[in-house]
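Single-letter residue listing:
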Amino acid sequence: MKRTIALVLAAMMLLSVLLSGCGDNSTSPAVSSGSSVATGDAANADPDNPYANLDLSKTENIVTYVVGSEPNAIAEVMAQVNEKTKAAINTTMEMYFIPNSELTTKYPLVMAGGDEIDLVYTANHAYYREQVDKGGFRELDMDFIQTYLPQTYGVLPESAWEETHINGKIYMVPRNTASIFPDRGPVIDMDVAEKYGYTADSFHTWDDFDKFLMAVGTNEVSNGKYAFNASSVANMYDIGLIYRFNLINNQASDYMYYSQLDDPTFEKPFFLHTSEQYKTYVMDMAKYAQAGIWPSDAISNTNGITAMFRNGQTVTGYNNYYNGINTLQGFKEKGINAEMVDIFPEGYRALRDSYIGDGMAIPSFCSKPERAAVLLDFIKNDFETYMLLAGGIEGRHYVYDEAANTVEPGPEATDYQFDGWAWGIRHKDFPWPKTDDEYINATNEKLKANQIKDEEWPYWGFNFDYNPVSAEWAVISALVTEYGTSFNLGMFGAETEKNYEEFVAKLKEGGLEKYMEEWNRQRDEFLANK
């Protein structure tokens, strides 16, 4: 199928303008169970078939877009997936991938319309609110969900659906579990570290990591490695700011955070980019840039940190702890002796991932939303089909330990990375990576033991409505985008503090006070109505 993603950038900008012109408050018509799909003969209904009352006699093909790197073995895997979906629900699935590095350009093109699209990945960090405001996603009422997503309805708690609410309505289907932790930590090339007298046991705090980076400096550049090879898509924002200071928000893109270390009851929200924590981070990034920790032209590099680590171009990187062993084993296959270390501050507590941290939506221009929903329901809940999509072919791409519900890379793992893209369709029994790595196991156990309980975090389901301050938000978000990359890469050098103060002044001139007043008003209203 010919795709319009090949449109030139100018066309993309025009389409985005046209789409946003649909009206900030527009919503697509709700999809209800009273739609055109006919019910089947109840007398012939199979009580074990959740779709027995649906007429699935017409074969349909569901075009699906996800975010992530396309596995080498995707064609072989999809052939097996389609055998299962065709037999179970008379439906086939056509997959397309949007690489992470191209998300900001290709995702708007996909959603601009013109092509057949039935399912698309979305998340609170990947255009969920933006597309709802543009009328890009179909509203899904609970009758529709119970009819066409019956297994998902039975699995997800009510709170999961509440997390999806925008103005009290549902526009996405969240993954079936939110049990993992998104928290990340440093990955270190131990062969290099040992040259400087460091072992994995040397790293306990951010200061330990900072001293190591400065000790390496530019000494390894002649060997083709930077201390931390930053790029336009790889920086220290997570490990050097969010996790370093244990900052927590509703996993939304509203820039409002809480400090768990200083405010354990989460009563004092603050704007991230005017905080002392952010200024400290900005000044540290300038220090690293001036010390040559990464190349001066990092802004022109579009490679991810994992790829550069695998290619021997960086001494340090970062990764999620829950699947860190997969990354380390991939490095080991390249002859790189790497370890993940725990440098979380004392008293660190993790918040579970949001249900809408990953999910799928039905575009408003989808012509067969009912069948799209049935397919999504099936692939999320049929464990064999989910495992095919998430990990490829068992025994080759991954090895599954059913008793422990864990997975480890198979002999052909490089052709299909487990959980490399299937975040939006995670099964309720999502298997964790098997690991005997003492540092990763210890960190995961600590994160689990100290996890913030749901009853301690009162903001699940709170989604800020930007419309009352849309003008102010446009200025604020544009300023954060304009300055953010430069701050992340320390590009202002000796002028960093001056540029930071200029940035803060512009935020205030752009309506930051009004924005925060409205955010706090909505927060207070949400808490009062709980």
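All values reported here derive from a predicted model rather than from experimental measurement.

**Structural notes on the packing of helix H2 (residues 74-89) against helix H15 (residues 383-391)**
Relative to each other, H2 and H15 sit at 160 degrees, their axes nearing to 9 Å. The orientation of H2 with respect to H15, classified from their angle, is roughly antiparallel. Crossing of H2 over H15 shows left-handed handedness. On H15, the residues that touch Val77, Met78, Gln80, Val81, Lys84 and Thr85 of H2 are Glu384, Thr385, Leu388 and Leu389.

**Looking at the environment of Thr443**
By the secondary structure assignment, Thr443 is in helix H16 (residues 438-449). Judged by its relative accessible area of 2%, Thr443 is buried. Separated by 189 residues in the primary sequence, Thr443 and Asp254 have C-alpha atoms spaced 29 Å apart. Apart from the residues within four sequence positions on either side, Thr443 is in contact with Tyr321, Asp342 and Phe344. A distance of 2.8 Å separates a polar side-chain atom of Thr443 from the backbone oxygen of Tyr439.

**Considerations on H2**
Across its 16 residues, H2 extends 21 Å between first and last C-alpha, which sits within 8% of the 22 Å expected from 1.5 Å per residue. Ile74, Val77, Met78, Val81, Asn82, Thr85 and Ile89 are the residues of H2 that are buried. Summarising the axial view, the buried residues of H2 lie within an arc of 135 degrees, below the 170-degree limit, and thus occupy one face. Across H2 from its buried face, at more than 90 degrees, point the exposed residues Glu83 and Ala87. Structurally, H2 contributes buried residues whose contacts are with strand E3 (91-98), helix H14 (369-381) and H15. Where H2 terminates, the next one or two residues include Asn90, which has phi positive at roughly 55 degrees.

**Comments concerning the sheet that holds strand E10 (residues 270-271)**
Sheet architecture is open: 3 strands sit in the order E8-E9-E10, paired in antiparallel fashion. Since the sheet does not close on itself, it has two edges, and those belong to strand E8 (247-248) and E10, each with one partner. Bridge count between strand E9 (residues 256-259) and E10: 2 bridges; the pairing is antiparallel. Looking at E10, one finds that Tyr257 is bridged to Phe270.

**Observations regarding the pattern of salt bridges**
Applying the stated rule across the entire model yields 34 salt bridges. Between Glu495 and Lys498 there is a salt bridge, and its shortest N-O distance comes to 3.9 Å. For Lys498, a relative accessible area of 60% puts it in the exposed group. Shared partners join several salt bridges into a network, and the residues in it are Arg175, Asp353, Asp358, Asp419 and Arg426.

**Quick look at the pairing of strand E14 (residues 398-401)**
Regular strands place their side chains on alternate faces of the sheet. Covered by surrounding structure in E14 are Tyr398 and Tyr400 only, the residues Val399 and Asp401 on the alternate face being uncovered. By the bridge criterion, 4 bridges tie E14 to strand E15 (residues 406-409) in an arrangement that is antiparallel. Each bridged residue has a counterpart across the sheet, and for Tyr398 the counterpart in E15 is Pro409. Counted between consecutive antiparallel strands, the loop separating E14 from E15 contains 4 residues, among which Asn405 sits at a positive phi close to 55 degrees.

**Examining the sheet that holds strand E4 (residues 119-122)**
Judged by pairing direction, the sheet is mixed, and its 5 strands sit side by side in the order E3-E2-E4-E13-E6 without closing on themselves. Only two strands of the sheet have a single partner each, and these edge strands are E3 and strand E6 (173-174). Alignment of E6 against strand E13 (residues 359-361), held across 2 bridges, turns out to be antiparallel. Bridge assignment links Val173 to a residue of E13, and that residue is Met360. Packing against the sheet, H14 makes contact with strand E2 (60-67), E3, E4, E6 and E13, and its axis sits at approximately 60 degrees to E2.

**Description of the nonpolar core**
Inside soluble globular proteins, nonpolar side chains tend to come together where they are buried. Judged by nonpolar contacts, the single largest core of 163 residues is most densely connected at Met236, Trp294, Phe503 and Tyr515. With 7 residues, H14 is the single largest residue contributor to this core. When residues no more than four places from it in sequence are discounted, the contact partners of Tyr515 are Asp254, Met256, Phe271, Phe464, Tyr466, Val469, Trp473 and Ile476.

**A word on the side chain of Glu339**
Following the sequence through the fold, Glu339 ends up in strand E12 (residues 338-340). Despite being buried, Glu339 has no salt bridge partner; Lys332 is the closest side chain of opposite charge, sitting 9.5 Å away. For Glu339, the residues in contact, after removing those within four places along its chain, are Pro186, Val187, Ile188, Met190, Ala200, Leu328, Asp437 and Tyr439.

**Quick notes on the packing of aromatic side chains**
In the structure shown here, the tally under the stated rule is 48 aromatic pairs. Here the aromatic rings of Phe266 and Trp457 are separated by 5.0 Å at their centres, their planes lie at 80 degrees, and the arrangement is edge-to-face. Taken together, the residues span a long stretch of sequence, with Phe266 in the loop between E9 and E10 and Trp457 in the loop between H16 and helix H17 (470-488) at a distance of 191 residues. For the pair Phe266 and Trp457, a shared accessibility class is recorded, and that class is buried. Grouped by ring-pair contacts, the aromatic residues Tyr237, Tyr278, Tyr281, Tyr483, Phe487, Phe492, Tyr500 and Phe503 constitute a single cluster. For Arg426, the ring lying beneath its charged end belongs to Phe430, and the centroid distance is 4.6 Å. For the cation-ring pair, Lys448 lies above Trp432, with the distance from its terminal atom to the ring centre recorded as 4.7 Å.

Scoring rules and cut-offs
- Residues numbered from 1 in each chain as written.
- Predicted model: local features only at pLDDT ≥ 70, side-chain atom pairs only at ≥ 80, totals over all residues.
- Heavy atoms only, no water.
- Axes fitted to C-alpha atoms, helices over the stretch in contact; angles between N-to-C directions.
- Helix = DSSP H or I, 4+ residues; strand = E, 2+ residues; numbered from the N terminus.
- Parallel < 35°, antiparallel > 145°, perpendicular 65-115°, else oblique.
- Left-handed = near helix turned anticlockwise from the far one by under 90°.
- Contact = heavy atoms within 4.5 Å.
- Buried < 20%, exposed > 50% of the residue type's maximum accessible area, 1.4 Å probe, protein only.
- Polar contact = N/O pair within 3.5 Å; in protein donor to acceptor, adjacent residues only side chain to side chain.
- Expected span 1.5 Å × (residues − 1).
- Arc of directions from axis to C-beta.
- Pairing = 2+ DSSP bridges.
- Salt bridge = Lys/Arg side-chain N within 4 Å of Asp/Glu carboxyl O.
- Core = buried A, V, L, I, M, F, W, Y, C linked by side-chain atoms within 4.5 Å.
- Lys, Arg positive; Asp, Glu negative; His and termini not counted.
- Phe/Tyr/Trp six-rings, centres within 6.5 Å; stacked < 30°, edge-to-face > 60°.
- Lys NZ or Arg CZ within 6 Å of the ring centre and 35° of its normal.

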